[in-house]
Amino acid sequence: MIKSFLVCIFSALFSYASGDIDGNLVLPLEIAKKLDDCHQIDDFYSRYPDIRNPPYIYNIIGDEKDEFLGRGEEKNFGRGSFAAWCEGEPKGLMKYYLVFDFNGADKFGFSCSEKIGPFENAGGLVVDRITKEPLSWYFEVGSNDKILEEGITEGNILESSYDGMGYRFYCHKGRWLFRPIH
């Protein structure tokens, strides 16, 4: 009995001292601690019961071998890069943001914003490292202006989806582009 009590006390003290996250841990702790003015979506899995992918993903910049696309040089920064959905303040208004940590990729010309939104829905995240799509299929995040530029996507595309609907996001020349999917 005393041993159980001490374990509970030490666990509570450790959680408080380490800045533990309130509620269920939906995101890995290392990501959840980097969400400055945003919070993990505590009820993500109950809000999206048929979700197939988590609301975060690692290695969004490089390929599976952590090579920066288009450079052919092996770099470690791809390993620590991530994208994650979070909920803005005040919680409960269902305003979601997509946050990123590029882990040094800006040194190689990757310069998109580290937070975009708000969006009305979040979803499970995957990276498409293969598909090339016309830029004309995309709109600019924030302004919703159609992209009139010729060309195709040249790097990773981040896809967020739930129940067959969602968005594809692409960083192009320092700005985030998106296109709806269904």
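As the structure is a computational prediction, the values presented were derived from the model and not from experiment.

Criteria and cut-off values
Residues numbered from 1 in each chain as written. Predicted model: local features only at pLDDT ≥ 70, side-chain atom pairs only at ≥ 80, totals over all residues. Heavy atoms only, no water. Helix = DSSP H or I, 4+ residues; strand = E, 2+ residues; numbered from the N terminus. Buried < 20%, exposed > 50% of the residue type's maximum accessible area, 1.4 Å probe, protein only. Contact = heavy atoms within 4.5 Å. Areas by Shrake-Rupley, 256 points an atom, 1.4 Å probe, with all protein chains shown as cover. Pairing = 2+ DSSP bridges. Phe/Tyr/Trp six-rings, centres within 6.5 Å; stacked < 30°, edge-to-face > 60°. Lys NZ or Arg CZ within 6 Å of the ring centre and 35° of its normal. pLDDT = per-residue confidence, 0-100. Axes fitted to C-alpha atoms, helices over the stretch in contact; angles between N-to-C directions. Polar contact = N/O pair within 3.5 Å; in protein donor to acceptor, adjacent residues only side chain to side chain. Disulfide = S-S within 2.5 Å.

Student: Please explain the overall build of the protein as it appears in this structure.
Tutor: Secondary structure summary: the protein contains 4 helices and 9 strands in total. Scored against the burial criterion, the 182 residues of the protein give a buried share of 38%. For the protein, restricting intrachain contacts to residue pairs at least 6 apart in sequence, the fraction spanning at least 24 positions comes to 53%. Carbon and sulfur atoms form 53% of the exposed surface of the protein, whose accessible area is close to 10800 Å².

Student: Honestly, the sheet that holds strand β6 (residues 139-140) in this entry has me stumped. Any pointers?
Tutor: By definition, the strands of a sheet pair up through backbone hydrogen bonds, in either a parallel or an antiparallel sense. With respect to topology, 5 strands assemble into an open sheet ordered β5-β7-β8-β9-β6, the strand pairing being antiparallel. Each edge of the open sheet is held by one strand with a lone partner, namely β5 (124-128) and β6. As defined by bridge partners, β6 adjoins strand β9 (residues 175-181) across 2 bridges and the pair is classed as antiparallel. Along β9, the bridge assignment pairs Phe139 with Phe178.

Student: Please explain the packing of aromatic side chains as it appears in this structure.
Tutor: What characterises a pair of aromatic rings is the spacing of the ring centres plus the angle enclosed by the ring planes. Considering all chains together, one arrives at 15 aromatic pairs under this definition. Between the aromatic rings of Tyr138 and Tyr170, the centroid separation amounts to 6.3 Å while the plane-to-plane angle is 50°, which identifies the pairing as tilted. Separated by 32 residues along the polypeptide, Tyr138 in the loop between β5 and β6 and Tyr170 in strand β8 (residues 165-172) bring together distant segments of the chain. Neither Tyr138 nor Tyr170 differs from the other in exposure class; each is buried. Every member of this aromatic cluster is reached through a ring pair, and the members are Trp85, Phe119, Phe139, Tyr167, Phe169 and Phe178. The ring of Tyr97 is capped by Lys115, whose NZ or CZ atom sits 4.5 Å from the centre of that ring.

Student: Hey, could you run me through the confidence of the model for the protein in this one?
Tutor: It should be kept in mind that the predicted coordinates are not to be read in detail where pLDDT is low. Taken as a whole, the protein shows an average pLDDT of 79; of its residues, 73% reach a score of 70 or greater. Element-level pLDDT for the protein is lowest in helix α1 (residues 2-17), with a mean of 36, against a maximum mean of 98 in β6. When the criterion is pLDDT under 50, residues 1-20 qualifies, and its contacts beyond four places in sequence or with other chains add up to 4 contacts. Confidence drops under pLDDT 50 across residues 66-77; counting only partners more than four residues distant or on other chains, this segment forms 32 contacts.

Student: Sorry, what's going on with the sheet that holds strand β2 (residues 82-87) here?
Tutor: Spatial ordering of the open sheet is given by β1-β2-β3-β4, a layout of 4 strands whose pairing is antiparallel. The sheet terminates laterally at β1 (56-58) and β4 (115-119), the two strands that pair on one side only. Taken over all neighbouring pairs, the strand axes of this sheet differ in orientation by 20° on average, direction set aside. Sheet topology note: the β2/strand β3 (residues 96-101) ladder contains 6 bridges and is antiparallel.

Student: What exactly am I supposed to notice about the side chain of Glu133 here?
Tutor: With respect to the secondary-structure elements, Glu133 resides in the loop between β5 and β6. Here Tyr138 takes part through its side chain, which lies 2.4 Å from a polar atom of the side chain of Glu133. A distance of 3.1 Å separates the side chain of Glu133 from the side chain of Arg168, its partner in a polar contact. In this structure Glu133 touches Tyr138, Gly151, Ile152, Thr153, Ile157, Arg168 and Arg179, once residues within four positions along its chain are discounted.

Student: Is there a simple way to explain the state of the cysteines in this structure?
Tutor: A complete count under the given rule lists 2 disulfides for this structure. Each sulfur of the disulfide joining Cys38 and Cys86 lies 1.9 Å from the other. Across the S-S bond of Cys38 and Cys86 the torsion is about 90°, and the bridge reads as right-handed. In this pair, Cys38 is assigned in the loop between α2 (29-32) and α3 (44-47) and Cys86 in strand β2, connecting sequence segments 48 residues apart. On the accessibility criterion, Cys38 (4% relative accessible area) is buried. Two residues share a disulfide in this structure: Cys112 and Cys171, whose sulfurs sit 2.0 Å from each other. Residues Cys112 and Cys171 share a disulfide whose torsion about the S-S bond is about 100°; that sign makes it right-handed. Here the residue Cys112 occupies a position in the loop between β3 and β4, and Cys171 occupies one in strand β8, the gap between them amounting to 59 residues.

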